[in-house]
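This is what each chain is made of:
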Amino acid sequence: MAADVAALRRAYELGRLRVAATRSVAVATIVALAIAISIGRTSAVWALAPLGVLALSMWQGGALGRGAVRGTLAGLLTIVIPLAWLRPCCDAVTMAATGACCSMPSVCGVTGAILGLATALVWPRERSPRDHALAGLGVALGALSVAVARCSGLFLGESIGLALGLVAGIAVSFAARARLTADS
Amino acid sequence: MNEAELDALMDRLADGDRAAFDPLHAELWPRALRLARARLGDANAEDAAQSTLLRVFSRAAEFERGRPVLPWFYAIASNEIRAIQRRARPAPALDERAAEGTPEDELGHRELRRALDRAIADLDDDAAEAILAMLERAPRPDATPATFRKRVSRAYARLRLILGGAHGR
């Protein structure tokens with residue numbers, strides 16, 4: 001009898017899934033706590049997004065998994081930074097009372113871009129261009145999966161600004177890191 | 001393939017590189033089979049090798065990168081083979097007498113030994129590896145003396161818990 005290779009592969013994938021699920025639950029719990037404290041308890045349900053992203057990317061493993069973990073942790077900054085301070089006249093009460101609100105999606109866009117650029121600091125070092133791209137995808141998915149929780153508490157324009165800024169910042173970080181890797 | 005290449009393959013598999021699966025399987029299967037044949041004979045060897053590799057691959061994602069793969073692999077293989085031996089072993093015959101000690105002593109020792117083997121099988125790989133090394137039934141794992149002492153200490157604590165739970169304190 002030769003080895004049942006299909007069963008061994010299945011065991012390997014299930015083992016990876018088990019480990020990925022356990023680790024992603026741990027990280028998602030931290031994200032949920034941060035969201036509950038910073039945004040509100042009802043918003044903690046958004047931690048399901050990083051949970052899903054982390055579970056899948058860690059199961060897949062490699063550069064994608066490493067990028068997703070770092071992206072998620074970097075994305076926590078969007079939760080921790082109090083964006084309301086950057087738009088003092090744009091809270092819901094003011095808008096309801098005066099009908100006029102200086103909604104400033106550009107501020108969120110700039111914040112997102114800065115956060116996206118900051119992901120360069122946590123970018124995993126990968127050897128091949130393919131792994132570098134996968135790590136970039138992981139960072140983007142991880143950061144965005146956390147940012148959706150912040151966006152859920154923002155107005156549409158702000159949310160789009162934050163998300164686009166984040167993506168743009170990550171893209172610039174990605175290109176800069178790729179160039180540095182190619183030069184070295 | 002030398003051990004360093006094998007370690008590198010295991011690191012890649014632990015990292016999620018599926019391309020490392022086939023070469024690693026090709027290397028580990030004959031080793032598992034050889035060990036199982038040596039300990040169990042031909043009859044159960046392939047089953048034992050298969051269940052060893054099932055356990056190895058299902059725990060591959062937990063493998064600590066940078067560690068040598070073979071001690072980890074052989075600890076798992078030894079556990080699996082012992083489990084199979086336990087399942088296959090018939091109940092002790094009454095006339096199985098020891099040359100030394102009373103029959104009661106011998107029975108007691110045998111029961112203790114069996115309980116210990118069962119408890120070791122329930123331990124995680126690191127702990128089982130440490131205990132087996134202490135009992136001189138497996139090679140000492142490739143860890144620093146301090147790490148090894150910690151593992152042994154944790155393993156004894158866990159063994160006490162398991163044996164205490166199974167047999168009362």
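Residues numbered from 1 in each chain as written. Chains lettered and ligands numbered in written order. Predicted model: local features only at pLDDT ≥ 70, side-chain atom pairs only at ≥ 80, totals over all residues.

**Quick word on the overall build of chain B**
Assigned secondary structure in chain B consists of seven helices and zero strands. Each helix (α) and strand (β) of chain B, taken in turn from the N terminus, gives the series α-α-α-α-α-α-α. Counting every position in chain B, which comprises 169 residues, the buried fraction comes to 28%. Contacts in chain B between residues far apart in sequence, at least 24 positions, make up 62% of those at least 6 positions apart. (Helix = DSSP H or I, 4+ residues; strand = E, 2+ residues; numbered from the N terminus. Buried ≥ 20, exposed ≤ 12 C-beta atoms within 10 Å, placed from the backbone. Contact = placed C-beta atoms within 7 Å.)

**Structural notes on the overall build of chain A**
Within chain A, the regular secondary structure consists of seven helices and zero strands. In sequence order, chain A lays out its α and β elements as α-α-α-α-α-α-α. Expressed as a percentage of contacts within chain A between residues at least 6 apart in sequence, the contacts between residues at least 24 apart total 77%.

**Brief notes about the interface of chain B and chain A**
Contact with chain B, which involves 16 residues of that partner, is made by 17 residues of chain A. If you list the elements that add at least two residues to the side of chain B that touches chain A, you get helix 2 (21-40) and helix 3 (42-58) of chain B. It is helix 3 of chain B that provides the largest number of residues to the side of chain B that touches chain A, a total of six residues. Residues of the side of chain B that touches chain A, tallied by class, amount to seven nonpolar, four polar and five charged. (Nonpolar A, V, L, I, M, F, W, Y, C, P; charged D, E, K, R; others polar.)

**Considering the packing of helix 1 (residues 3-15) of chain B against helix 2 of chain B**
Residue and element names in this part refer to chain B. Interhelical geometry of helix 1 versus helix 2 gives an angle of 135° and a closest axis separation of 9 Å. If you check the angle between helix 1 and helix 2, you find them oblique. The way helix 1 lies across helix 2 gives a crossing that is left-handed. When helix 1 is examined against helix 2, the residues Leu 6, Leu 9, Met 10 and Leu 13 are found in contact with a partner set consisting of Phe 21, Pro 23, Leu 24 and Glu 27. In terms of residue class, the contact of helix 1 with helix 2 is built from seven nonpolar, no polar and one charged. (Axes fitted to C-alpha atoms, helices over the stretch in contact; angles between N-to-C directions. Parallel < 35°, antiparallel > 145°, perpendicular 65-115°, else oblique. Left-handed = near helix turned anticlockwise from the far one by under 90°.)

**Section: the packing of helix 2 (residues 48-60) of chain A against helix 3 (residues 62-80) of chain A**
Residue and element names in this part refer to chain A. Contact pair helix 2 / helix 3: the axes reach a minimum separation of 7 Å and the direction vectors enclose 150°. By the angle between their directions, the pair helix 2 and helix 3 is classed as roughly antiparallel. Considering the relative orientation of helix 2 and helix 3, their crossing is left-handed. Judged by residue contacts, Pro 50, Val 53, Leu 54, Ser 57, Met 58 and Gln 60 of helix 2 engage Gly 62, Leu 64, Gly 65, Ala 68, Val 69 and Thr 72 from helix 3. Here the contact of helix 2 with helix 3 is built from residues that sort into seven nonpolar, five polar and no charged.

**Focus on the nonpolar core**
Core analysis: the largest hydrophobic core is formed by 39 residues, its most contacted members being Val31(A), Ile35(A), Ala47(A), Leu54(A) and Ala143(A). Listed by contribution, the elements that provide at least two residues to this core are helix 1 (5-38), helix 2, helix 3, helix 6 (129-152) and helix 7 (156-183) of chain A. Of the residues forming this core, the biggest block, 10 residues, is contributed by helix 6 of chain A. Those residues within four positions of Ala47(A) in sequence are excluded, and the remaining contacts are Ala28(A), Val31(A), Ala32(A), Ile35(A) and Ala149(A). Within the second largest apolar cluster, 38 residues are counted, among which are Phe57(B), Ile76(B), Ala119(B) and Leu132(B). (Core = buried A, V, L, I, M, F, W, Y, C linked by C-beta atoms within 7 Å.)

**Let's talk about the environment of Pro139(B)**
Residues and elements named next belong to chain B. Position of Pro 139 relative to the elements: it lies in the loop between helix 6 (125-134) and helix 7 (145-167). Between the alpha carbons of Pro 139 and Ala 75 there is a distance of 8.8 Å; along the sequence they are 64 residues apart. When near neighbours in sequence (up to four residues on either side) are disregarded, Pro 139 contacts Pro 71 and Ala 133.

**Description of helix 2 of chain A**
Compared with an ideal rise of 1.5 Å per residue, which puts 13 residues at 18 Å, helix 2 of chain A spans 18 Å between its outermost C-alpha atoms and is within 8% of the ideal. Where helix 2 of chain A is concerned, the buried positions are Ala49(A), Pro50(A), Leu51(A), Val53(A), Leu54(A), Ala55(A), Ser57(A), Met58(A) and Trp59(A). (Expected span 1.5 Å × (residues − 1).)

**Here's the deal with helix 2 of chain B**
Residue and element names in this part refer to chain B. Between its first and last C-alpha, helix 2 extends 27 Å over 20 residues, near the 28 Å set by a 1.5 Å rise per residue. Within helix 2 the residues assigned to the buried category are Leu 24, His 25, Leu 28, Ala 32, Leu 35 and Ala 36. Phi turns positive one or two residues past the end of helix 2, at Gly 41, with a value near 85°.

**Side note on the confidence of the model for chain A**
The share of residues in chain A with pLDDT of 70 or more is 73%, and the mean pLDDT across the chain is 78. Summarising per-element confidence for chain A, the mean pLDDT is lowest in helix 4 (residues 92-98) of chain A (59) and highest in helix 2 of chain A (94). (pLDDT = per-residue confidence, 0-100.)

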